[in-house]
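Each chain, letter by letter, is given below.
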Amino acid sequence: EYFEWCDDTSKNLQFSVETATKEKAKLDAQIGELTSEIEAGSSEIETLGASLAKAEEELKNATVIREKEAAEFAASEGEMMDAVDTLGRAVAVLEREMAKSPTALAQVDSKNMAGALQALSAVLEAAAFPGSDQKKLLALVQS
């Protein structure tokens, strides 16, 4: 009986060793696979990090450009709004002067530009336009 128990225990231990050896081989293979996946993942992380850095740099450059364009637009818009305001006041003055004397501008000799400019200057001075607005309006008429 003891001999039989020794044989059974020996067979069981041998089977356990074979099973453990097979399990060790499987685990070694799995470790190899996971190691290669880690390397691939690390490589992808580096690639994505470089891509992210490039995208952030492009965003920074685009933001600088947009801010510059926004400042230029604001300046242009201010100039245009100023010109529209000046023209609106000039139209109001001309309408008011035309209401006083409808033939005032018709009496100006159109062939004589100096006379037309002199007449316009008189209208502007009479309307008390600021000097800068008078210059802008005269420059518009002369062009």
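Here the structure is a predicted model, which means the values were calculated and not measured.

Calculation rules
- Residues numbered from 1 in each chain as written.
- Predicted model: local features only at pLDDT ≥ 70, side-chain atom pairs only at ≥ 80, totals over all residues.
- Heavy atoms only, no water.
- Helix = DSSP H or I, 4+ residues; strand = E, 2+ residues; numbered from the N terminus.
- Areas by Shrake-Rupley, 256 points an atom, 1.4 Å probe, with all protein chains shown as cover.
- Patch = residues over 30% accessible without salt bridge, like charges linked within 9 Å, V, L, I, M, F, W, Y side chains within 5 Å.
- Salt bridge = Lys/Arg side-chain N within 4 Å of Asp/Glu carboxyl O.
- Lys, Arg positive; Asp, Glu negative; His and termini not counted.
- Charge placed at Lys NZ, Arg CZ, Asp CG, Glu CD.
- Buried < 20%, exposed > 50% of the residue type's maximum accessible area, 1.4 Å probe, protein only.
- Phe/Tyr/Trp six-rings, centres within 6.5 Å; stacked < 30°, edge-to-face > 60°.

K.L.:
Describe the overall build of the protein, with residues and values.
P.N.:
A tally of regular secondary structure across the protein gives three helices and zero strands. Overall, the protein shows an N-to-C arrangement of helices and strands of α-α-α. Accessible area of the protein: about 11,600 Å², with a carbon and sulfur share of 61%.

K.L.:
Pulling in residues and values, what's your account of a negative patch on the surface?
P.N.:
Taken together, the side chains of E1, E4, D7 and D8 make up a negatively charged region of the molecular surface. Within the secondary structure, D7 is located in helix α1 (residues 2-100). Look at D7 and you get partly exposed, because its relative accessible area is 34%.

K.L.:
Quick one: what's the story with the packing of aromatic side chains, residue by residue and with numbers?
P.N.:
This structure, assessed with the given rule, holds one aromatic pair. Taking the centre distance of 5.9 Å and the plane angle of 25° together, the rings of Y2 and W5 count as stacked. Of the two residues, Y2 and W5 are both situated in helix α1; the distance of three residues between them amounts to about one turn of the helix. Summarising the burial analysis for this pair, Y2 and W5 share the class exposed.

These figures come from the coordinates and say nothing about function on their own.
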